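Remarks on the overall topology
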There are 2 protein chains.
Amino acid sequence: MAGLIAQLRAALPHDGGVLTDPDVLRSYEHDEADLVPYGTPAVVVRPRTTGQVSAVLRAAGRHRVPVIPQGARSGLAGGANAIDGAIVLSLVGMNEIIDIDTENRIAVVQPGVVNAQLRRAVAEVGLYYPPDPGSWEQSTIGGNVSTDAGGMCCVKYGVTSDHVLGLEVVLASGEVLACGRRTAKGVAGYDLTSLFVGAEGTLGVITEITVRLRPAPEPSLTLVAVFDTFAAAGAAVSAVVGSGLQPSMLEVIDRVAMGAIEAYRPMDLPTAAAALLIASVDSGSRAPDDLAAIAAMCRSAQASDVFVAADEAEADALLAARRLAHVSLEALAARLFPGGGGIMVDDVAVPRTRLVELIEGIERISAEHGVVVATVGHAGDGNLHPVIVIDRSDPVSIAQGQRVFDAIMALGLALGGTSTGEHGVGLLKRDWLAREIGPTGLKAHRSIKAALDPDNILNPGKIF
Amino acid sequence: MAGLIAQLRAALPHDGGVLTDPDVLRSYEHDEADLVPYGTPAVVVRPRTTGQVSAVLRAAGRHRVPVIPQGARSGLAGGANAIDGAIVLSLVGMNEIIDIDTENRIAVVQPGVVNAQLRRAVAEVGLYYPPDPGSWEQSTIGGNVSTDAGGMCCVKYGVTSDHVLGLEVVLASGEVLACGRRTAKGVAGYDLTSLFVGAEGTLGVITEITVRLRPAPEPSLTLVAVFDTFAAAGAAVSAVVGSGLQPSMLEVIDRVAMGAIEAYRPMDLPTAAAALLIASVDSGSRAPDDLAAIAAMCRSAQASDVFVAADEAEADALLAARRLAHVSLEALAARLFPGGGGIMVDDVAVPRTRLVELIEGIERISAEHGVVVATVGHAGDGNLHPVIVIDRSDPVSIAQGQRVFDAIMALGLALGGTSTGEHGVGLLKRDWLAREIGPTGLKAHRSIKAALDPDNILNPGKIF
């Protein structure tokens, strides 16, 4: 290990390039996923160049030491969790926006660029980078690409993979692979770019990303509809997506989540209701008609109230409420279980027509197990985040939470869905991935992993 | 070989399942690419079920005989060309539309379904399958997926890969892999679906395809602009795509192609002009404004004339003209070289801002070599198809054509583009792929190929 660290120091001589202080090492142990194992790395490296990433992987390969790539560690599946004795390869220092090509509507960035940083930079020149995971103020584009992150805008604009045109990747061998393109179209060889997107750092370390941008959308119009049952909100969503309208946002918040948000930051949410549905449409001449059509569908689905946000400030406040769900539910867990409240965030996606069945099933599972489950999510994509509130100090509560978590995923798969819509597999859902893709799928995964990382150096044990 | 054929007959006992008649075998030798080598298969099999495809691959593996998957053989890169003694695996008999799910806007089809067949079936229920390669009346969805085919609508709606949600693939081992999903989002494991799309049958045989559909667009408005120089048409295209407008079609036809089309089917095209630009916008309340804005940009770019199609029939006639380019240029070649006229169809894509440089370069290369080059293409994507007219009976003409072909691709790469925008690599562009992706890219391709097809049974020699 001493020899390895000396090699790393030689390759990354800059201040903060190689960290071995035990307290510092512990701060790089895990991401935001709860109840997932992690270890303590032997060393953290923070390269500034692709060449340095290469040098790290070559050194790791020589010493057969695993490498755990990390961004902002805001992931929710343990995909960035360290293992004992590993090298943590933090990409946050490679945070330069290399190019914004306004004419071709392309940006080239380093992996450590924060999502919000890119959004703001392209907005300044009238462009738009749509993917907006809940963590957008912290999470990095490299992490977004490695997990194929989603967000609220995906219902109209698609997920991260829909915006990645090309990548520079350092392979386990230390070789630097350029894949993808800067053109609108291109079919030269295998689509390696898509293979690395969502691979959670198990196939290579992404060191440069070329993303597709869009013209900035005009400000949106937003409404909120209030429902007396959560299933009615789901029925409204099915009606909207089935109609062919293209909302730019279609989010749900259930009663438990609403109460938690209101307690965390009072904003007069209708906490007696069962669910809120927030819908936006990009403005333009058709927007008022589209919003009126969505309002009518909500009323047909028995909404008890529908109101249109008076202005952007009011719409932003609704969005802010939705974005506070995660932290509010953590606070709720801490209040419910002062000894060690915690949350398990699930991430199930089903065909959009099965949304009501998913919602009713989650409510049934919660009641059957007597476990508090708050649900928020990207309803327009059929993608919900049931959040299970547990007492981490109580093994019985943890076991109950785990049973609820599993029951919800089993339901999602039974409805023709997937066990992860946007958070990724990491360590949290390895068993579920195996169930979802079956033995032939797993074998294909293993053979591709072995082809690109024969010594299993890169983020071993993640995904499968 | 006799043992192999007996095994194939046992697995595919239906009429026409196994073909060995020498005349029939010759009709399965090659696709539409000119001047690309091909051989004569030992046998053609036409399975009807996934199980039969599996049986074919198992038998091929036991006997170590290569398998060449084929659709309609309308490809333009030799990707479906047979080699001597191989098994041709024709998927045209698996031509069932399995499901059209109108609520989730998804279709599930077998690979032999013809593109136009799917388009018509989903149009009947008010839906739209956008990818529209020039061969859409003949080519199969399986072939479209295997080459990641494009078309005219891609400028707004994207290419085939943007519409594939999931696949069933028979691996070289005969095992059946299901990948992808039916949900709007999903990140469970590696994106194997994208890996098989565009892999030209070298990694597996696609036996079922789940595609994303869209609501049917309203009828479009179309204009045609006439230019005195081809570069001026390119400048108009750059202005339109740079403006953020989203035309649903933006196609160019140069003077040579226009003359060939007019000779093939007289329709009063302005054959004295240097280039035509055809632009469409999907209708809706903004469409007339958008079309007027495009017209203004064409005039600013020195269009000598701009006229709006009076109705859909006139717009369809313009589109029909564009779609006749390929067959018209074959006819032109036959007139110019009665001894053996032929065409080489190129397929270069550049960043959209480099389009004028590409156009001027193609004109310069044509003049320098004294070779007739007609250019049509999806200008809005920066994707042009320079068509080189040669005398196949004259080795000097073939060599000249090859030099022009290569010079155009070298220019495309020098402009930051790709050697194939939508036709694929096949045999035609193997050398160019190697140049484009470099040794590390090639090595990654080879390792993935070896992982999924260790005995190199599937379409060997294609792509790389």
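Residues numbered from 1 in each chain as written. Chains lettered and ligands numbered in written order. Predicted model: local features only at pLDDT ≥ 70, side-chain atom pairs only at ≥ 80, totals over all residues. Heavy atoms only, no water.

Assigned secondary structure in chain A consists of 15 helices and 19 strands. Since a compact globule built from 464 residues should have a radius of gyration of about 23 Å, the 22 Å found for chain A is in line with a globular shape. Projecting the C-alpha coordinates of chain A onto the three principal axes gives extents of approximately 70 × 55 × 45 Å. Sequence-distant contacts in chain A: of pairs separated by 6 or more residues, those separated by 24 or more amount to 72%. If you sum the accessible surface of chain A, you get close to 16200 Å²; carbon and sulfur atoms cover 51% of it. Separation of charge centres in chain A, based on 36 positive and 52 negative side chains, amounts to 6 Å. (Helix = DSSP H or I, 4+ residues; strand = E, 2+ residues; numbered from the N terminus. Rg over C-alpha atoms; globule rule 2.2 N^0.38 Å. Contact = heavy atoms within 4.5 Å. Areas by Shrake-Rupley, 256 points an atom, 1.4 Å probe, with all protein chains shown as cover. Lys, Arg positive; Asp, Glu negative; His and termini not counted. Charge placed at Lys NZ, Arg CZ, Asp CG, Glu CD.)

Before going further, it helps to spend a moment on the environment of Phe230(B). Residue and element names in this part refer to chain B. Secondary-structure assignment places Phe230 in helix H8 (residues 230–242). With 86 residues separating them in the primary sequence, Phe230 and Asn144 have C-alpha atoms 30 Å apart. Other than its neighbours up to four places away in sequence, Phe230 contacts Val252, Asp254, Ala274, Ala275, Ile359, Glu363 and Thr375.

The next thing to look at is the interface of chain B and chain A. Facing the 71 residues of chain B at the interface are 71 residues of chain A. Between chain B and chain A, roughly 5300 Å² of surface is buried when both sides are summed, and carbon and sulfur atoms account for 59% of that area. One can count eight salt bridges joining chain B with chain A. Note that Lys443(B) is salt-bridged to Glu175(A), the shortest N-O span being 2.8 Å. For the pair chain B and chain A, the number of links is 22 residue pairs in polar contact (both at pLDDT 80 or more). Elements with a minimum of two residues in the side of chain B that touches chain A: strand S9 (176–180), helix H7 (192–196), strand S11 (214–215), H8 and helix H15 (430–452) of chain B. (Buried area = accessible area lost by both parts, 1.4 Å probe. Salt bridge = Lys/Arg side-chain N within 4 Å of Asp/Glu carboxyl O. Polar contact = N/O pair within 3.5 Å; in protein donor to acceptor, adjacent residues only side chain to side chain.)

As a further point, take the pairing of strand S6 (residues 106–109) of chain B. All names here are of chain B. Burial along S6 is two-sided: Ile106 and Val108 and Ala107 and Val109, pointing in opposite directions, are all buried. Pairing between strand S5 (residues 97–101) and S6: four bridges, direction antiparallel. Across the sheet, Ile100 pairs through a bridge with Ala107, a residue of S6. When S6 meets strand S10 (residues 205–212), the two strands line up antiparallel, connected through four bridges. Each residue of the ladder has a partner; that of Val109, found in S10, is Ile209. (Buried < 20%, exposed > 50% of the residue type's maximum accessible area, 1.4 Å probe, protein only. Pairing = 2+ DSSP bridges.)

With that settled, the discussion passes to the environment of Ala86(A). Residues and elements named next belong to chain A. Along the chain, the position of Ala86 falls in the loop between strand S3 (67–70) and strand S4 (87–90). Classification of Ala86 by relative accessible area gives buried; the value is 0%. Separated by 62 residues in sequence, Ala86 and Asp148 have C-alpha atoms that sit 24 Å apart. Each residue touching Ala86, except ones within four places of it in the same chain, is listed here: Pro41, Ala42, Val43, Val65, Pro66 and Ile68.

Another aspect to go through is the domain arrangement of chain A. All names here are of chain A. For chain A, the domain assignment lists domain 1 (2–90), domain 2 (97–215) and domain 3 (220–414). Between domain 1 and domain 3, the C-alpha centre-to-centre distance is 36 Å. At the junction of the two partners, domain 1 supplies four residues and domain 3 supplies eight residues. Counting the surface lost from both domain 1 and domain 3, the interface buries some 470 Å², and carbon and sulfur atoms represent 59% of this. On the domain 1 side of the contact with domain 3, Asp34, Leu35 and Leu76 bury the most area, a combined 92% of that side's loss. Linking domain 1 with domain 3 are one salt bridge. Between Arg392 and Asp34 there is a salt bridge; the shortest N-O distance is 3.1 Å. At the boundary of domain 1 and domain 3, one finds one residue pair in polar contact (both at pLDDT 80 or more). Residues of the side of domain 1 that touches domain 3, tallied by class, amount to two nonpolar, no polar and two charged. (Domains from an automatic or database assignment. Nonpolar A, V, L, I, M, F, W, Y, C, P; charged D, E, K, R; others polar.)

This next bit is on the sheet that holds strand S8 (residues 164–170) of chain B. All names here are of chain B. Taken together, the five strands give an open sheet; going across it, the order is S5-S6-S10-S8-S9, and neighbouring strands pair in antiparallel fashion. At either margin of the open sheet sits one strand with a lone partner, and together these are S5 and S9. Strand after strand, the sheet turns through a mean of 10° between neighbouring axes, direction not considered. Sitting on the sheet, helix H3 (residues 50–63) touches S8, S9 and S10, and the angle it makes with S8 is about 50°. (Axes fitted to C-alpha atoms, helices over the stretch in contact; angles between N-to-C directions.)

For the pair chain B and chain A, the best superposition has an RMSD of 0.0 Å and corresponds to a rotation of 180° with a translation of 0.0 Å parallel to the axis. Taken together, the rotation and translation describe the operation of a two-fold axis. When you check the interface residues of chain B against chain A, 100% turn up at the interface there too, and the contact is symmetric in its surfaces. (Least-squares fit on C-alpha atoms with pLDDT ≥ 70 in both.)

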